[in-house]
2 protein chains.
Amino acid sequence: MTTFTEKLDRGWSVSGSMLCVGLDPILERIPEPFASSPRPILAFNRHVVDLVGNLACAFKPQAAHHGAVGAEEDLAETIAYIHEAAPHAVVILDAKRGDIGSTAQMYAREAFERYAADAVTVNPYLGDEGLAPFLEWADRGVVVLCRTSNPGAALIQHAMIGDEPLYLAIARRAQSHWNAHGNVMLVVGATNPDELAQVRRVAPDLPFLVPGVGEQGGDARTVVRSGARKDGAGLLVSASRAILYPAAGETIRSVAERLHGELLTPRVEA
Amino acid sequence: MTTFTEKLDRGWSVSGSMLCVGLDPILERIPEPFASSPRPILAFNRHVVDLVGNLACAFKPQAAHHGAVGAEEDLAETIAYIHEAAPHAVVILDAKRGDIGSTAQMYAREAFERYAADAVTVNPYLGDEGLAPFLEWADRGVVVLCRTSNPGAALIQHAMIGDEPLYLAIARRAQSHWNAHGNVMLVVGATNPDELAQVRRVAPDLPFLVPGVGEQGGDARTVVRSGARKDGAGLLVSASRAILYPAAGETIRSVAERLHGELLTPRVEA
């Protein structure tokens, strides 16, 4: 069995980068010729994988962008295509699921069996019982929301547990309790480097998924300085719309190449 | 346009009860002849709606129990069937979604457009920006997780904001900020009546979805005493597995009749 840690290491090593490409297909923004194909979402997703597969350590297909338009089968085939065309890349289903008991077991089956994702994003609001049914899938990653990149997140994530804010308490519990199988990651937004550095101090070993680079205003190099582990790796820095829907004068490949260059893994430079 | 409040009032009034029936289909537990039908989940769901439709003010189909086995079309047809066969009943898609910006908009479209649900459960961990895209659907309900019924939930839900626990701060903000369209509900578990009463004091007007009656050990009459509004209504008390998979000597209808009787709405008694 390949452990989740081994999958991450392979992704960083083969791609040479900590770039994670988000797949957030929006029908109205899919370009031709894919928009006119019988299955625009699948065709566009595959096109993106073809263009940037060798630059990305991970892909992060987003559930709602498929579910809203009934494109679950496109999502499943997209993930199967990533496993085939970019087998080094870790596939994180971005679904932010969260429930307890048998319902959480069903969400884990949805992510890991039905979609064959390597990892899934989950919401910690329900506590230990909300995470346990995911964590027991020992070779799959469980990516726990910790500190998100939006301003209003502070309402809840800065609530206090003892003398520290909730997001640090989550990070501490992830490092100490939830990571028995070495399969826990944390979501920490790119837009506040100080908080990213705080989370890194509390959870020195855990890999972080860092969204918010690109359209949300986070800077890739700052993220690496604030959030990398001592070994220089430990990050999956995610960009979605900035890559999928490039600004004028740029292309999907050119944006991904630039981000790849800003997110080189240390083992490539060694 | 029928407001969400009017939909709730119609559900309570026509059914005479605050019973919400959860639809958590589990393939291995579906009885014959439904298990042998071409679409076991849809057939079983429709059977339950036929049996208890006139006893329930609401149905709560659970997303993962359909998504794990690729039964999204069964979920959509189940909801359409409820609207047709029990048109008084409010349909709450239990999906506990939570994300920000355009992704949250996609989740709202999934619940309200694709599935035509009257309401959806959402997770507040991302704060205001996580809820706004749902709340702007003014005629649909947004059912915010507040205090869940599992013991480990205290880890996060008892974090402190000022001098009150997070779950009460959520209730306060729901009552004061999120309910501009009168379409907010709170999820408050049945297993701790004292906390249910606290939430009711902070949010006197909001309807509550109360899971945890039946298999999780909550008691229906205690829930009504602790959680009802001043008008005696204001609750959707949800039972799922206790109804769908009745113990020996009971039937789906007999369990639902008993719960219906314990959850009578005051206007029926008046």
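Residues numbered from 1 in each chain as written. Chains lettered and ligands numbered in written order. Predicted model: local features only at pLDDT ≥ 70, side-chain atom pairs only at ≥ 80, totals over all residues.

Colleague: How do you make sense of the packing of helix α2 (residues 40-52) of chain B against helix α12 (residues 252-262) of chain B when you look at a structure like this?
Modeller: Axis angle and axis distance: for two packed helices, these are the angle between their axes and the distance between the axes, and together they describe the pair. Residue and element names in this part refer to chain B. Across the interface, α2 lies against α12 with an axial gap of 9 Å and an inter-helix angle of 50°. Between α2 and α12, the interaxial angle falls into the category oblique. α12 is crossed by α2, and the crossing has right-handed handedness. Packed against α2, whose contacting residues are Val48, Leu51 and Val52, the element α12 presents Ile252, Arg253 and Ala256 at the interface. (Axes fitted to C-alpha atoms, helices over the stretch in contact; angles between N-to-C directions. Helix = DSSP H or I, 4+ residues; strand = E, 2+ residues; numbered from the N terminus. Parallel < 35°, antiparallel > 145°, perpendicular 65-115°, else oblique. Left-handed = near helix turned anticlockwise from the far one by under 90°. Contact = placed C-beta atoms within 7 Å.)

Colleague: Whenever I open this one, the interface of chain A and chain B confuses me. Can you help?
Modeller: Reports of interface size often rely on the accessible area that becomes lost once the parts have come together. Every contact between the two is made by 36 residues of chain A and, on the other side, 36 residues of chain B. Put simply, the parts of the chain that give the side of chain A that touches chain B at least two residues each are α3 (63-67), α5 (101-114), α6 (128-135), α7 (154-157) and β6 (160-161) of chain A. With 6 residues, the single largest contributor to the side of chain A that touches chain B is α5 of chain A.

Colleague: Sorry, what's going on with the confidence of the model for chain A here?
Modeller: Keep in mind that low pLDDT regions are not for reading the predicted coordinates in detail. Within chain A, residue pLDDT values average 95, and 98% of them lie at 70 or more. Taken over the whole predicted complex, pTM reads 0.97, whereas the ipTM for its chain interfaces reads 0.96. (pLDDT = per-residue confidence, 0-100.)

Colleague: Would you explain the relation of the copies chain A and chain B in this entry?
Modeller: One copy of the chain maps onto the other through a rotation about an axis followed by a shift along the same axis. Relative to chain B, chain A is turned by 180° and slid 0.0 Å along the rotation axis, the superposed coordinates differing by an RMSD of 0.0 Å. On the angle and the small slide along the axis, the relation comes out as a two-fold axis. Considering only C-alpha atoms, the residue of chain A closest to the rotation axis is methionine 160 of chain A, which sits at 2.5 Å. The share of interface residues of chain A whose copies in chain B are also at the interface is 100%, consistent with both copies meeting through the same surface. (Least-squares fit on C-alpha atoms with pLDDT ≥ 70 in both.)

Colleague: Teacher, can you tell me more about the sheet that holds strand β2 (residues 58-61) of chain B here?
Modeller: What links the strands of a sheet is backbone hydrogen bonding, and the strands pair in either a parallel or an antiparallel sense. Residues and elements named next belong to chain B. The sheet built from 8 strands closes into a barrel, its strands ordered β1-β2-β3-β4-β5-β8-β9-β10 with parallel pairing. Each strand of the sheet is rotated relative to its neighbour by a mean of 30°, with strand direction disregarded. Both β2 and strand β3 (residues 90-97) contribute to a ladder of 2 bridges, which runs parallel. From the neighbouring strand, phenylalanine 59 faces β3, where its bridge partner is valine 91. (Pairing = 2+ DSSP bridges.)

Colleague: How should I be thinking about unusual backbone geometry in this particular structure?
Modeller: Across the chain, the bulk of peptide bonds are trans and the bulk of non-glycine residues have phi less than zero. Residue and element names in this part refer to chain A. Residue proline 33 is bonded to the preceding glutamate 32 through a cis peptide linkage, with omega at 5°. Positionally, proline 33 belongs in the loop between β1 (19-23) and α2 (40-52). With a phi close to 45°, lysine 96 is a non-glycine residue in the positive phi region. Inspection of the secondary structure assignment puts lysine 96 in strand β3 (residues 90-97).

Colleague: How do you make sense of the nonpolar core when you look at a structure like this?
Modeller: If you look at the biggest cluster of nonpolar residues, it comprises 198 residues, and the most contacted ones within it are Val144 and Leu186 of chain A together with Val144 and Leu186 of chain B. Each residue touching leucine 186 of chain A, except ones within four places of it in the same chain, is listed here: Val144, Cys146, Ala171, Ala174, Val199, Ala203, Leu206 and Phe208 of chain A. (Core = buried A, V, L, I, M, F, W, Y, C linked by C-beta atoms within 7 Å. Buried ≥ 20, exposed ≤ 12 C-beta atoms within 10 Å, placed from the backbone.)

Colleague: What am I meant to see in the pairing of strand β10 (residues 235-239) of chain A here?
Modeller: The two faces of the sheet receive side chains in turn, since in a regular strand these alternate between them. All names here are of chain A. Most of β10 sits inside the fold, with 5 of its 5 residues counted as buried. Judged by which residues are buried, β10 turns out to be covered on both faces: Leu235, Val237 and Ala239 on one side and Leu236 and Ser238 on the other are all buried. The pairing of β1 with β10 spans 3 bridges and is classified as parallel. Bridge pairing in β10 links valine 21 to alanine 239. In terms of strand pairing, strand β9 (residues 208-210) meets β10 through 3 bridges, oriented parallel.

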